[in-house]
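Below are the chains, spelled out letter by letter.
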Amino acid sequence: MAEPLILPTDFNNKSELYNTILPQIFTLWQHEKDIIANLSNTTAILKEVLGHFWIGFYLWKENQLVLGPFQGTLACTRISLGKGVCGKAAEEKKILIVPNVHEFPGHIACSSFSNSEIVVPLINDNQQLKGVLDLDSIHFNEFDEVDALYLQKLCKFIANQI
Ligand code: SME
């Protein structure tokens with residue numbers, strides 16, 4: 001059972017928006033133990049609130065990233081370590097903000113609509129890689145340090161739950 005999402009009627013900046021939704025996502029995870037259900041609802045909330053073109057998880061399984069719950073169009077299912085933005089972020093265990101995906105060497109184009117991207121690795125407190133969260137936008141230069149800050153908090157939390 002999911003409670004309705006509570007959103008500010010007007011907000012001044014992205015931080016305010018993230019500060020409103022993150023606690024609600026954490027609550028969601030506290031009330032349900034099924035990982036797929038929680039990852040699915042997390043992508044639904046992010047998509048509803050942030051509205052980007054594609055938002056989803058790739059999970060670290062058998063030494064590769066495998067497509068997990070997402071919101072958006074058809075996506076590639078398996079990404080090797082070091083390949084594309086997702087594989088690079090996973091390999092380096094660091095957040096990658098790509099203002100123009102067409103300039104990123106080896107970018108994997110799941111959709112020609114995507115122009116910028118942020119990939120946040122899921123790293124737990126034991127420094128284990130659990131996957132990545134990938135957000136794609138039709139706009140160039142969509143993502144910044146504010147996204148990185150809050151999505152890192154979210155991904156750290158999730159990495160410790162899965
Ligand atoms: N663009 C990503 C691949 C995943 S999709 O965009 C959903 C990449 O280069 O890793």
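The preceding data block contains the structure.
Residues numbered from 1 in each chain as written. Predicted model: local features only at pLDDT ≥ 70, side-chain atom pairs only at ≥ 80, totals over all residues. Heavy atoms only, no water.

1. A word on the nonpolar core
- One finds Leu46, Leu133, Leu135, Leu151, Leu154 and Ile158 to be the most contacted residues of the largest nonpolar core, which totals 29 residues.
- Top element by residues in this core is helix H4 (residues 145-159). It accounts for 8 residues.
- Dropping the residues within four chain positions of it, Leu154 is found in contact with Leu22, Ile25, Phe26, Thr42, Leu46 and Leu133.
- Formed by 18 residues, the second largest nonpolar core is a distinct cluster that contains Trp54, Val85, Cys86 and Val119. (Core = buried A, V, L, I, M, F, W, Y, C linked by side-chain atoms within 4.5 Å. Buried < 20%, exposed > 50% of the residue type's maximum accessible area, 1.4 Å probe, protein only. Helix = DSSP H or I, 4+ residues; strand = E, 2+ residues; numbered from the N terminus. Contact = heavy atoms within 4.5 Å.)

2. Examining the pairing of strand E2 (residues 64-71)
- Both strand E1 (residues 54-61) and E2 contribute to a ladder of 6 bridges, which runs antiparallel. Pairing of Lys61 across the sheet is with Gln64, part of E2.
- Sheet topology places E2 next to strand E3 (residues 78-80); 3 bridges connect them, and they run antiparallel. Bridging from a neighbouring strand, Leu65 pairs with Ile79 of E3. (Pairing = 2+ DSSP bridges.)

3. Thoughts on the site of the ligand
- The local shell around the ligand holds 13 residues, among which Val85, Cys86, Ile108, Cys110 and Glu117 are the closest.
- In this structure, Asp136 approaches the ligand through a side-chain N or O atom, which is 3.2 Å from an oxygen atom.
- About the coverage of the ligand: the protein hides 98% of its 300 Å² of free accessible area.
- Structurally, the ligand is housed in the largest cavity.
- Of all the secondary-structure elements, those providing two or more residues to the shell around the ligand are E1, helix H3 (84-92) and strand E6 (129-137).
- Broken down by element, the residue count for the shell around the ligand peaks at 3 residues, all from H3.
- Of the residues that constitute the shell around the ligand, the class distribution is 8 nonpolar, 2 polar and 3 charged. (Near = heavy atom within 4 Å. Polar contact = N/O pair within 3.5 Å; in protein donor to acceptor, adjacent residues only side chain to side chain. Areas by Shrake-Rupley, 256 points an atom, 1.4 Å probe, with all protein chains shown as cover. 1 Å grid on protein atoms, 1.4 Å probe; cavity = no way out; pocket = protein on both sides within 12 Å on 5 of 7 lines; lining within 4 Å. Sits in = over half its atoms within 2 Å of the grid points. Nonpolar A, V, L, I, M, F, W, Y, C, P; charged D, E, K, R; others polar.)

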